[in-house]
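# Structural characterization, general
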Amino acid sequence: MTTAEVSPTQSVSLADLAPPVADPALIGVPTFLAGSIALGLVLTGYVPATAAAASIPIILAATGIGQLVAAIWAASRDQNAVASVFGIFTGFWISYALLVLGLTNNWFGIAEEDAVGTQKLFLLTWLIIIVLLTIASVRLPLAFTLLFTLIDLAVLFVFLGTANASTTQTTIGGYLVFSFVIVGAYLFLDAMSRATGGKGLPLGRSVLR
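Residues numbered from 1 in each chain as written. Predicted model: local features only at pLDDT ≥ 70, side-chain atom pairs only at ≥ 80, totals over all residues. Heavy atoms only, no water.

### Remarks on helix α4 (residues 80-105)
With 26 residues, α4 should reach 38 Å at 1.5 Å per residue; the first-to-last C-alpha distance of 37 Å fits that figure. Phi turns positive, to about 55°, at Asn 106, one or two residues after α4. (Helix = DSSP H or I, 4+ residues; strand = E, 2+ residues; numbered from the N terminus. Expected span 1.5 Å × (residues − 1).)

### Details of helix α6 (residues 142-164)
Between the first and last C-alpha of α6 there are 33 Å, a value that for 23 residues agrees with the 33 Å anticipated at 1.5 Å per step. Just downstream of α6, Ala 165 is the residue with a positive phi angle, here 50°.

### Things to note about the pattern of salt bridges
In the structure shown here, the tally under the stated rule is 1 salt bridge. Arg 194 serves as the salt-bridge partner of Asp 190, at 3.0 Å between the closest nitrogen and oxygen. Of this pair, Asp 190 and Arg 194 both sit in helix α7 (residues 167-195), 4 residues apart, which is roughly one turn of that helix. Take Asp 190: its relative accessible area is 6%, and that puts it in the buried class. (Salt bridge = Lys/Arg side-chain N within 4 Å of Asp/Glu carboxyl O. Buried < 20%, exposed > 50% of the residue type's maximum accessible area, 1.4 Å probe, protein only.)

### Description of the side chain of Asp 152
Residue placement: Asp 152 occurs in helix α6. No salt bridge is formed by the buried Asp 152; the nearest opposite charge belongs to Arg 139, separated by 17 Å. Asp 152 has contacts with Leu 127, Ile 130, Val 131 and Thr 134, leaving out every residue within four places of it along the chain. (Lys, Arg positive; Asp, Glu negative; His and termini not counted. Contact = heavy atoms within 4.5 Å.)

Have a look at this one:
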């Protein structure tokens, strides 16, 4: 029997009665967006340079924890690729918070003249990892590859701005952050639409099938 009778004139598939599939993106994506918006505002000068740590409460308490919860949730459901994505960004956001707090409060004994080199090391390391993630995403819908590509560009420009002491390049990085926030918001609306019984939004064909 493949249908359940609900009235003399209407029947529904048993698949329609099944509970919706759990989606860690419903936690992972909006908390990612919160930290990204806060970081973008810092990079574009919404707060003065002396308040560089202004984004840390959001990034550490909301984004870092949100990414970790999403990664664990995905792993528990054998969603390995999803767990990898959220796990990577758990590391990025929490290590970013520790970098800012550590340099601000001299937790790591890094001399002031070495602070720029430390930031460059951080940015270059994560740029390499996220580029690898971008390459690995070519079998995912195009929206994900676009998201990761924009993140690559944002990190690259912040790295260049840090290396060259260029506020212009850093500001460009900040606006690139807002560009991937837009893509991330689209992905969140897609996930929420699916979770509430609606149709998903078009995400584009993958680069590689």
